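# Examination of the molecular architecture
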Amino acid sequence: MKRNYSVFLGNVGSCLDRYCPAYGREYSVAELFDRVATIPLIRGVDLVASPGILAECETVKSKVKEHGLKVVSIAADTFTQAKWKQGSLSCSDPEVRKQALEHAEEVIALCKEVDCDLLTFWLGQDGYDALFQADYMAEHKFLIDSLTTICKAHPEMTVALEYKIKEPRTHSYVSTVGTTILICQATGCDNCKVIIDYGHALLGYENPAESVALLKQFGDRLCHIHINDNYRLWDDDMIVGTVHTLEYLEFFYWLRRTGYQGWFVIDQFPYREDGRDAVAESAEWLDYLETLVDRADMEEIAEVLKKKDAVAGSKLMRKLLKGN
């Protein structure tokens, strides 16, 4: 099977955390593309439309062409700047919402420059922290109206929401798979879709496999996957498959069963490791785990599910891990 593996460009560089600005040296945009190109299984890049990326559009176009990479998605930068501190598409200040819509148009223009049709939003600042801090109904409406405006103005684009239960706000409006399905349905737009971030699903105490099934069942909304791992307590963004290996087997089964044909973008923060090497290891894990499920007998798995028997499920997982 041909694998559709991508990586967020910055993940092959150096990452910062709350305590240290970076554990390695800074890389230019051109150098980051060159590092991506050395990873055999990676065929695409996902970008965040930061001021730096917007200013280097020509470099992006040149490097994509040089290395034969696909720009898979571009995320609006609605989370790193102070002006979004009370939200972007949901902000109660109409001027801030106007700026968020203008930024969306800016990102769509960049998408068209690099032959990309997937605009993504992780609305990390859209939510609240304290009681009596937000008018939930008003701000949900602002969010839905903003998304509807973007989707209707650009039917040629897929506009996708990445959900996360919390961080940086204590409560996010785009929080769980169910909430995100409701938001998409409220827009009335078929091009309003959903991204599963595997780690975000874990953090929200979801079973990522069930999340895949729900997105298929309620509107066929899944269009993109961010892949990583964590311990469920925080969004650790670790190497794929190194914590929740067994859950990945069921996840890939449901992706096969629901006919997912999209990309897997490696989205991790290897603070102390070399970013390029950590991403390469994630790609190897992805390929290995997908191969195990590729070899599986789909009818046999369906029969096990009919039994609703945990012992039969356990035997099936051991058989999948053996690769036969």
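Throughout what follows, the structure given in this document is the object of discussion. Predicted, not measured: the structure shown is a model, and the values here were computed from it. (Residues numbered from 1 in each chain as written. Predicted model: local features only at pLDDT ≥ 70, side-chain atom pairs only at ≥ 80, totals over all residues. Heavy atoms only, no water.)

### Remarks on the sheet that holds strand 1 (residues 5–8)
Within the closed barrel, the 8 strands sit side by side as 1-2-3-4-6-8-9-10. Their pairing is parallel. Strand-to-strand twist in this sheet, taken as the mean axis angle between neighbours without regard to direction, amounts to 30°. As defined by bridge partners, strand 2 (residues 44–48) adjoins strand 3 (residues 70–75) across 5 bridges and the pair is classed as parallel. Along strand 3, the bridge assignment pairs Leu-47 with Ile-74. This element, helix 10 (residues 275–294), spans strand 1, strand 9 (222–227) and strand 10 (264–266) of the sheet and lies at about 150° to strand 10. (Pairing = 2+ DSSP bridges. Helix = DSSP H or I, 4+ residues; strand = E, 2+ residues; numbered from the N terminus. Axes fitted to C-alpha atoms, helices over the stretch in contact; angles between N-to-C directions. Contact = heavy atoms within 4.5 Å.)

### What to know about the pattern of salt bridges
Taken as a whole, this structure holds 22 salt bridges when the rule is applied. Linking Arg-35 and Asp-274 is a salt bridge whose minimum nitrogen-to-oxygen distance equals 3.0 Å. Of this pair, Arg-35 sits in helix 1 (residues 29–36) while Asp-274 sits in the loop between strand 10 and helix 10; the two residues are 239 residues apart in sequence, bridging distant segments of the chain. Across the salt bridge formed by Arg-276 and Asp-277, the nearest N and O atoms sit 3.3 Å from each other. Look at Asp-277 and you get partly exposed, because its relative accessible area is 45%. A single salt-bridge network, built from bridges that share partners, covers Arg-3, Arg-256, Asp-287, Glu-290 and Asp-294. (Salt bridge = Lys/Arg side-chain N within 4 Å of Asp/Glu carboxyl O. Buried < 20%, exposed > 50% of the residue type's maximum accessible area, 1.4 Å probe, protein only.)

### Points about unusual backbone geometry
Negative phi characterises most residues that are not glycine, and trans characterises most peptide bonds. Of note, the amide linkage connecting Glu-167 to Pro-168 takes the cis form, showing an omega dihedral of 5°. Inspection of the secondary structure assignment puts Pro-168 in the loop between strand 6 (158–162) and strand 7 (171–172). Positive phi outside glycine occurs at Phe-132, with the angle close to 60°. Following the sequence through the fold, Phe-132 ends up in the loop between strand 5 (127–128) and helix 5 (136–153). The class for Phe-132 is exposed, based on a relative accessible area of 88%. Phi is positive for Arg-232, close to 75°, though the residue is something other than glycine. If you trace the backbone, Arg-232 turns up in the loop between strand 9 and helix 9 (245–257).

### Here's the deal with the pairing of strand 3
Burial runs high along strand 3: 5 of the 6 residues are buried. Strand direction decides the pairing type here: strand 3 and strand 4 (residues 118–121), joined by 2 bridges, are parallel. Of the residues in strand 4, the one forming a bridge with Ile-74 is Leu-119. In terms of handedness, the path from strand 3 via helix 4 (residues 94–113) over to strand 4 forms a crossover that is right-handed. (Right-handed = clockwise from strand over helix to strand, strands pointing away.)

### Side note on the environment of Glu-162
In this fold, Glu-162 is placed in strand 6. Look at Glu-162 and you get buried, because its relative accessible area is 7%. Between the C-alpha atom of Glu-162 and that of Trp-122, which follows or precedes it by 40 residues, the distance is 5.0 Å. In contact with Glu-162, not counting residues within four places along its chain, are Phe-121, Trp-122, Val-174, Ile-195, Asp-197, His-200, His-226 and Asp-267. In terms of polar contacts, Glu-162 uses its side chain to reach the side chain of His-226, at 3.2 Å. (Polar contact = N/O pair within 3.5 Å; in protein donor to acceptor, adjacent residues only side chain to side chain.)

### Quick word on empty space enclosed by the protein
Tallying each qualifying case throughout the model produces 1 cavity of 30 Å³ or more. Empty space within the largest cavity amounts to approximately 30 Å³. Lining the largest cavity are Trp-122, Leu-123, Gly-124, Glu-162, Tyr-163, Lys-164, Ser-172 and Val-174. In terms of residue class, the lining of the largest cavity is built from 4 nonpolar, 2 polar and 2 charged. (1 Å grid on protein atoms, 1.4 Å probe; cavity = no way out; pocket = protein on both sides within 12 Å on 5 of 7 lines; lining within 4 Å. Points joined across faces, edges and corners; volume = space filled by probe spheres on them. Nonpolar A, V, L, I, M, F, W, Y, C, P; charged D, E, K, R; others polar.)

### Focus: helix 9
In a regular helix each residue adds 1.5 Å, so 13 residues correspond to 18 Å; helix 9 covers 19 Å between its end C-alpha atoms and thus fits that length. Within the sequence span of helix 9, burial applies to Tyr-248, Leu-249, Phe-251, Phe-252, Tyr-253, Trp-254 and Leu-255. Phi for Gly-259, located one or two positions after helix 9, is positive at around 75°. (Expected span 1.5 Å × (residues − 1).)

### A short note on the nonpolar core
Ranked by size, the top nonpolar core spans 92 residues in total, and within it Ile-74, Phe-121, Ile-227, Phe-251 and Phe-264 carry the most contacts. Each residue touching Phe-251, except ones within four places of it in the same chain, is listed here: Tyr-198, Pro-208, Ala-209, Val-212, Ile-225, Ile-227 and Phe-264. (Core = buried A, V, L, I, M, F, W, Y, C linked by side-chain atoms within 4.5 Å.)

Everything listed here is a matter of geometry and, on its own, says nothing about what the molecule does.
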